[in-house]
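# Structure at a glance
Residue strings, one per chain:
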There are 2 protein chains.
Amino acid sequence: MSTAVSPLAPPDVPEMPVIAGVRLATAAAGIRYKGRTDVLLALLDKGTTVAGVFTKSKCPSAPVEWCRAKLKGGAARALVVNSGNANAFTGKTGKASTALTAQIAAKAVGCSTSDVFLASTGVIGEPLDATKFDGVLAQLAETATPDLWMDAAKAIMTTDTFPKVATATVKLGKAKVTINGMAKGAGMIMPDMATMLSFIFTDAPLSAGVLQSLLKAGVEDTFNALTIDGDTSTSDTLLAFATGAAAANGAPKISRASDPRLKAFTKAFQQILADLSEQVARDGEGARKLVEVVVEGATTKPSARKIAMSIANSPLVKTAIAGEDANWGRVVMAVGKAGEPANRDKLSISFNGIRVAKSGARDPSYNEKEVSEAMKAPRIQIKVALGLGKAKDRVLTCDLTKEYVAINGDYRS
Amino acid sequence: MSTAVSPLAPPDVPEMPVIAGVRLATAAAGIRYKGRTDVLLALLDKGTTVAGVFTKSKCPSAPVEWCRAKLKGGAARALVVNSGNANAFTGKTGKASTALTAQIAAKAVGCSTSDVFLASTGVIGEPLDATKFDGVLAQLAETATPDLWMDAAKAIMTTDTFPKVATATVKLGKAKVTINGMAKGAGMIMPDMATMLSFIFTDAPLSAGVLQSLLKAGVEDTFNALTIDGDTSTSDTLLAFATGAAAANGAPKISRASDPRLKAFTKAFQQILADLSEQVARDGEGARKLVEVVVEGATTKPSARKIAMSIANSPLVKTAIAGEDANWGRVVMAVGKAGEPANRDKLSISFNGIRVAKSGARDPSYNEKEVSEAMKAPRIQIKVALGLGKAKDRVLTCDLTKEYVAINGDYRS
């Protein structure tokens, strides 16, 4: 299996500023392997609010269930993330492990277990020995520092070929506030590894309700408009934390999502989610091309989304892109199987701006050579115009290569 | 691309008997390539009834639309199948092509165009030049013979590595009747090739309504419980023809699907569909393992089907099978993402009869070596017991190999 960095990795990695009220520390707790950094502790100052969205899996991991329950309090003092073991499909011992981890963290941090949030990624079905956190978390709580963002982003990686971070600084009222985010992909599961995880931190003084609204609206066209292989982890977790420390600099406390002062912040927050989710697509297992599927002229946006997802999840479309083949017949197939309103004779299809089909037939101006040249690009846009209405949508994915099959199928041999 | 016969091909090919009232002929009409057999004509005696089921694609091919319209008459005198061009996504010219093909066939056979049924498989988006059938069909009508079943099954192949036929002889009343079937797979689209096609012929005297009932009930657990890659062709077509010629031997005319005399016939008919659909799975593009997914203990059968399909279409499950890895974590993932009722802590999972997980955790008796040995078999059964209700279902698929990606992605390079 190749461990080379994805050719689609962004060329520039931003400098990650500190976020007042957040301190980070990482360690090797020996969860699965000895000597590998496998635990991240984020310490959050008193007053930090929290929001979260999770996998829609009917078989979620124990940490997902833990976080869902604790979100109700709206307050957070610590985030513990481990790799090496997903604590998923571990039965009753899974629940006991999350409780014990939270107890150890709460003691180390000096907070209630209700204020501890957990995320785990790694092997499924193996009991997670939470006693390994004993001692480790206490030490991390002592040594945590505000400037460890890249280490933190690396600590949560599993099959990722590069760490994924994003940052933005924006005005809230007259004060400067900062948003930092990190994510790990997505493949979805490799040597038994699972999970998309992402964590967003800001010093803006936002109520938990406002943060939850931002997150819910923000994922709609970012993390929820992203697919690698159509498979859904039991552990997908996206948590956002707002320390409120910028209030000391005069940032207004925001307790209504409709507050007009939130406009610039909302835009920046959304951009962070878009940036991180695109990085996840760029690091899809075996990915050699980033694929943007745009569907326009649909009757409704959900209909456009469903058609775009049908195209983005089609193995035949994805293998065609890997083969640099503008195979619009397969795109028609994927439109047709989505089950949404579509009129074959009104369809137009473009690859990277070159229209190959219109009005339900090959475009008369189709030029094989021109199209073949365009398909060599590392980023491919498939645009489908349905010609029925005014709704549109966009989904990100990557191609399906032999490397994907090798990563996910070869490791036993 | 490998052209070797699938290692999963059935070892024995049945002798195909004649069906009174059916004559067959094949030719090379030069639809796409010169000198390649690419057209099949089946002549059907007067009185032949017809039934059909088709792709659910919202962008069906012109021949699918033609057949749907003509089914209303319930009578058939000719079936014309061509490979090389699917006549799909060909706009208005596609409709004109089907009309012209039917005219040429009707003239050759001496029947109404309403009694001509059409199926096309091959490149999408290229106009089908139906004038190539001129002369060819007239000659085929003259030379058609009752014993050409294997040639017919070969004539409709595209990416198939072996011809797919099945036959059964059964009593209807006191008379012997025969059912013959043929099919082509499924990949679904290769060098622009599309389509699953299957044709069933019998000499039993069945009304069109009875035939349609048999077909509709029959596909539910056979062709509709089959997936290669989750992609749906624009052209999938399954037609059944009943010549009624066995009436001359005393077979009773059946005009009600509930007629008790139909019992043995129904069973044999269903068995033919099961046999052919399994052969299609055995010839999935790049397939090295036949995979049977059984879901039991579900709340309803549709729920069991949805979960089984989620497992069967999961790239991560399919690549794990290709890697001979009993990766039950991925099976849990696929159960969870189906969105159907499931309780993680009640799940049990077996591979080829060896239980690897129970009550939401690894089976205590799990033996890695025993399981690894079992996964080497060419046929893998994944059984999931949900522990919720009494409903069960079963779906057939194949593994996802690098060969699949090569077949569908490499041909441009």
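Residues numbered from 1 in each chain as written. Chains lettered and ligands numbered in written order. Predicted model: local features only at pLDDT ≥ 70, side-chain atom pairs only at ≥ 80, totals over all residues.

## A look at the relation of the copies chain B and chain A
What connects the two chain copies is a rotation about an axis and a shift along it. Screw-axis analysis of chain B against chain A gives a translation of 0.0 Å along the axis, an RMSD of 0.0 Å, and a rotation angle of 180°. The transformation relating the two chain copies, once decomposed into turn and shift, fits a two-fold axis. For chain B, the smallest separation between a C-alpha atom and the rotation axis is recorded for K402(B), amounting to 2.5 Å. An overlap of 100% is found between the interface residues of chain B and their copies at the interface of chain A, pointing to a shared contact surface. (Least-squares fit on C-alpha atoms with pLDDT ≥ 70 in both. Contact = placed C-beta atoms within 7 Å.)

## Remarks on the interface of chain B and chain A
Facing 54 residues of chain B, the contacting portion of chain A comprises 55 residues. Mapped by element, the contributors of at least two residues to the side of chain B that touches chain A are α8 (315-322), α9 (328-337), β13 (361-362) and α11 (402-409) of chain B. Top element by residues in the side of chain B that touches chain A is α9(B). It accounts for eight residues. A breakdown of the residues in the side of chain B that touches chain A according to their chemical character gives 20 nonpolar, 20 polar and 14 charged. (Helix = DSSP H or I, 4+ residues; strand = E, 2+ residues; numbered from the N terminus. Nonpolar A, V, L, I, M, F, W, Y, C, P; charged D, E, K, R; others polar.)

## Looking at the sheet that holds strand β6 (residues 164-172) of chain B
Residues and elements named next belong to chain B. Taking strand neighbours across the sheet as the criterion, the five strands line up as β3-β9-β8-β7-β6 in an open arrangement whose pairing is mixed. Two strands bound the open sheet, and with one partner strand each, they are β3 (49-54) and β6. The mean inter-strand angle of the sheet, taken between neighbouring strand axes irrespective of direction, is 15°. Together, β3 and β9 (237-242) form the strand contacts of helix α1 (residues 62-70), whose direction differs from that of β3 by roughly 135°. With respect to the sheet, helix α5 (residues 208-220) is in contact with β3 and β9, its orientation differing from that of β3 by roughly 30°. (Pairing = 2+ DSSP bridges. Axes fitted to C-alpha atoms, helices over the stretch in contact; angles between N-to-C directions.)

## Comments concerning the sheet that holds strand β5 (residues 116-123) of chain A
All names here are of chain A. The strand order across the open sheet formed by four strands is β1-β2-β4-β5, and the pairing between neighbours is mixed. With one partner strand each, in any of the chains shown, β1 (22-27) and β5 form the two edges of the open sheet. The average angle at which neighbouring strand axes cross in this sheet is 10°, direction not considered. In the sheet, β1 pairs with strand β2 (residues 39-44) via six bridges, with the strands oriented antiparallel. Looking at the pairing, A27 lines up with V39 of β2. Contacts between helix α3 (residues 136-143) and the sheet are confined to β1, β2 and β4 (78-85), with β2 contributing the most and set at about 50° to the helix.

## Points about the nonpolar core
The nonpolar side chains of soluble globular proteins are, as a tendency, buried together. By size, the foremost hydrophobic cluster in this structure holds 284 residues, and its most contacted members are V335(A) and V335(B). Apart from the residues within four sequence positions on either side, V335(A) is in contact with I307(A), S310(A), I311(A), A342(A), L347(A), V384(A) and C59(B). (Core = buried A, V, L, I, M, F, W, Y, C linked by C-beta atoms within 7 Å. Buried ≥ 20, exposed ≤ 12 C-beta atoms within 10 Å, placed from the backbone.)

## So, the environment of A361(B)
Turning to its location among the elements, A361(B) is positioned in strand β13. What makes A361(B) buried here is the crowd of 20 C-beta atoms within 10 Å. Counting along the chain gives 255 residues from A361(B) to A106(B), while the straight-line C-alpha distance between them is 64 Å. What A361(B) contacts, discounting residues up to four positions off in sequence, is F89(A), T90(A), G91(A) and G125(A).

## Re α9(B)
Residues and elements named next belong to chain B. With 10 of 10 residues buried, α9 is to be regarded as a mostly interior element. Of the residues making up α9, those classed as buried are W328, G329, R330, V331, V332, M333, A334, V335, G336 and K337. Residues of α9 that are buried sit in contact with α7 (301-312), α8, β11 (348-351), β12 (354-358) and β14 (379-385).

## Section: unusual backbone geometry
Of note in the backbone geometry, N352(A) takes a positive phi value of approximately 45° without being a glycine. N352(A) sits in the partly exposed class, given 17 other C-beta atoms within 10 Å. Its identity is not glycine, yet F89(B) carries a phi of approximately 55°, on the positive side. Assignment of secondary structure puts F89(B) in the loop between β4 (78-85) and α2 (91-109). The class of F89(B) is buried, set by 30 C-beta atoms lying within 10 Å.

## Describing the environment of A75(B)
Residues and elements named next belong to chain B. Note on placement: A75 falls in the loop between α1 and β4. A tally of 18 C-beta atoms within 10 Å means that A75 is categorised as partly exposed. Distance from A75 to A51, taken between C-alpha atoms, is 8.8 Å for residues 24 residues apart in sequence. Beyond its immediate sequence surroundings of up to four residues, A75 is in contact with T48, T49, V50 and D115.

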